[in-house]
Amino acid sequence: MTRTNLNHTGTSVAIVGAGLSGLCLAQYLRRNGIDAQVYERDAAPFARPQGYRITVDADGLGALRESLPAHLYDLAVAVAGRSGGYFRFTNQHLREAFKLTFEETEDGERQMDRQVLRSILLVGLEDRVHYGRKAAAIETGSGATRLRFEDGASVTARVVIAADGIGSALRDQILPGGGPADSGVAGIYGRTPLVQGGSRVLPAELDRSGVLSLGGRSGRAVFFTAMEFSQDPKAAFAERVPGAPVVDVGDYVMWGVVMPQSDIPAGTAWNDAPALHRLAEAIAADYHPAVRRLISAADPEATILSHFAVGRRPEPWAIPNAAVMGDAVHAMPPFGAHGGNTALRDASLLGAKLVAAYETGGSPSAIDDALAAYRDEMIPYAFKAVDMAEGMMRRLTGSKGVQKWVMLKLLPSLHRPLVPTG
Ligand SMILES: Cc1cc2nc3c(=O)[nH]c(=O)nc-3n(C[C@H](O)[C@H](O)[C@H](O)COP(=O)(O)OP(=O)(O)OC[C@H]3O[C@@H](n4cnc5c(N)ncnc54)[C@H](O)[C@@H]3O)c2cc1C
């Protein structure tokens, strides 16, 4: 993909990062007639392996409904997995401690493939997303806000929104000292095609289930769940948005192996897929054979490493005409599946605030009030999710506690393994 020329002067909203929140905000603004441009560091929309599924809950679905044109929202729901099913907590032998049951409802939470969702969020934004543009800094003063890229190019905009994820390059300027804390815990994520050699890799007993399987060794756990598309994404795109590109992906099981960061050999790169796959297999070596088979049968190239971080409550934005959203401001461990949902919620909230400010003339003070109001409303829901995710991670991966003993020993001892061994 070639890079577009940047002749954007005085764009209304410059969004940094074409991830979930950046694209969702761009859709919201486009739908309301506001000029927004998105700058993405990757060379192309699907340049990196990021192919995991996310559970989109009522918050995420609500944000997508408010931001996307109706036909794109319908497309997202049409290809997503069915709502309903189970979430099972087990020990490493797949003996269940307890399960949560979710009813199948029209608007219930459902699984979406992150790259398919990004494909949908990109429809209609083709001329507004600029790849190979790594933002480096914001310059303020003399009336305009200038966004500078690493390659020396720059654009001016009325507002700059940093939606550039956990390693945000702009956060230090907008939120000095606001970077997330390292949790000391990490996850290796992978994916395994659901059907191999004509049979499903997931035993029938685990159909429609997410499983969090706590390890015998302190701090270790394995999580897995299937991404089963209700409709093949390629076919659904061809029918509903002909010509729009979509990633080529079939049904798969996403799994994650959670461990203390000290279990990862020093210098292991986040995308050294073969080494990470071997490490995931080694860590799951004392797990139920069904779990081991699932990890062994993975597409090794799709394995990635993620260090879990915990965001800090933001101070007021330190520079005018700029704000931060999504993981860049409220990173959270992936316990409870709220990171992406919270990022989508930010996008629709911030979109609504900016639209209201532009509708009343878009004066600098109206825009700064809108950005401040977004921050004030975002903090309570986002940091409730951060606190919950961190608390859950500590309880489930900590070494002590009655709750852990009940989860790992007492309750599982009352049940047979969900899947017979052998
Ligand atoms: C394996 C896994 C499973 C998950 N499951 C769930 C789930 O079930 N439910 C859920 O709610 N959340 C889930 N999450 C979390 C969710 O994916 C994130 O919270 C979400 O993607 C955050 O969205 P974002 O827009 O803030 O950032 P991102 O989606 O990370 O997007 C940031 C974008 O900014 C770009 N960028 C970075 N730096 C720059 C720069 N300097 N200049 C320009 N562009 C830049 C990046 O390339 C990227 O495209 C999961 C995460 C992982 C890793």
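Here, every reference points to the structure presented above.
Note that the structure is a prediction, hence the values are computed from the model and not measured.

Caption draft 1: Examining the overall build of the protein chain more closely. Check the secondary structure of the protein chain and you find 12 helices and 18 strands. In terms of overall size, the protein chain behaves like a compact globule, its C-alpha atoms giving a radius of gyration of 22 Å where 422 residues would be expected to give roughly 22 Å. Oriented by its inertia axes, the alpha-carbon framework of the protein chain measures out at about 70 × 50 × 40 Å. Among the 422 residues that make up the protein chain, the fraction classed as buried is 55%.

Caption draft 2: Local environment of the site of the ligand. Close to the ligand lie 32 residues, the nearest being Ser21, Glu40, Thr55, Arg114 and Asp327. Contacts to the ligand include Tyr52, whose side-chain N or O atom sits 3.0 Å from an oxygen atom. Its free accessible area being 1,000 Å², the ligand has 92% of it covered by the protein chains. Counting residues per element, the ones that place at least two in the shell around the ligand are helix H1 (20–31), strand S3 (53–56) and helix H10 (339–359). When residues of the shell around the ligand are assigned to their parent elements, the largest contribution, four residues, is made by H10. Taken together, the residues of the shell around the ligand sort by class into 12 nonpolar, 10 polar and 10 charged.

Caption draft 3: The sheet that holds strand S5 (residues 96–102), seen in detail. The seven strands lie next to each other as S5-S4-S14-S15-S16-S11-S17, forming an open sheet whose pairing is mixed. Each having just a single partner strand, S5 and strand S17 (304–310) make up the two edges of the open sheet. Averaged over all adjacent pairs, the angle separating strand axes in this sheet is 20 degrees, with direction ignored. As defined by bridge partners, strand S15 (residues 221–227) adjoins strand S16 (residues 252–260) across seven bridges and the pair is classed as antiparallel. What sits directly across from Met227, in S16, is Tyr252. This element, helix H7 (residues 273–283), spans strand S11 (181–193), S16 and S17 of the sheet and lies at about 75 degrees to S16.

Caption draft 4: How the structure looks around the packing of aromatic side chains. Here the structure, examined in full by the defined rule, presents six aromatic pairs. Considering the side-chain rings of Phe87 and Phe223, the 6.0 Å spacing of their centres and the 15 degrees angle between planes classify their relative orientation as stacked. Here Phe87, found in strand S4 (residues 85–91), pairs with Phe223, found in strand S15; they are 136 residues apart in sequence, far enough to count as distant. Exposure remark for Phe223: the relative accessible area of 14% places this residue in the buried category. On the basis of an interplanar angle of 15 degrees and a centroid distance of 6.1 Å, the ring pair of Trp317 and Tyr374 is categorised as stacked. Taken together, the residues span a long stretch of sequence, with Trp317 in the loop between S17 and strand S18 (322–324) and Tyr374 in helix H11 (residues 364–397) at a distance of 57 residues. By the burial criterion, Trp317 is buried, and Tyr374 matches it. Over the aromatic face of Tyr86 sits the side chain of Arg88, whose NZ or CZ is 4.9 Å from the ring centroid.

Caption draft 5: How the structure looks around the nonpolar core. Membership of the largest hydrophobic core comes to 108 residues, with the highest contact counts inside it found for Leu64, Leu147 and Met378. Top contributing element to this core by residue count: H11, with 16 residues. Grouped together as the second largest cluster of nonpolar side chains are 29 residues, Ile188, Val222, Ala284 and Leu294 included.

Caption draft 6: H10, seen in detail. Here H10 is 21 residues long and its end C-alpha atoms lie 30 Å apart, about the 30 Å a rise of 1.5 Å per residue gives. With 15 of 21 residues buried, H10 is to be regarded as a mostly interior element.

Criteria and cut-off values
Residues numbered from 1 in each chain as written. Predicted model: local features only at pLDDT ≥ 70, side-chain atom pairs only at ≥ 80, totals over all residues. Heavy atoms only, no water. Helix = DSSP H or I, 4+ residues; strand = E, 2+ residues; numbered from the N terminus. Rg over C-alpha atoms; globule rule 2.2 N^0.38 Å. Buried < 20%, exposed > 50% of the residue type's maximum accessible area, 1.4 Å probe, protein only. Near = heavy atom within 4 Å. Polar contact = N/O pair within 3.5 Å; in protein donor to acceptor, adjacent residues only side chain to side chain. Areas by Shrake-Rupley, 256 points an atom, 1.4 Å probe, with all protein chains shown as cover. Nonpolar A, V, L, I, M, F, W, Y, C, P; charged D, E, K, R; others polar. Pairing = 2+ DSSP bridges. Axes fitted to C-alpha atoms, helices over the stretch in contact; angles between N-to-C directions. Contact = heavy atoms within 4.5 Å. Phe/Tyr/Trp six-rings, centres within 6.5 Å; stacked < 30°, edge-to-face > 60°. Lys NZ or Arg CZ within 6 Å of the ring centre and 35° of its normal. Core = buried A, V, L, I, M, F, W, Y, C linked by side-chain atoms within 4.5 Å. Expected span 1.5 Å × (residues − 1).

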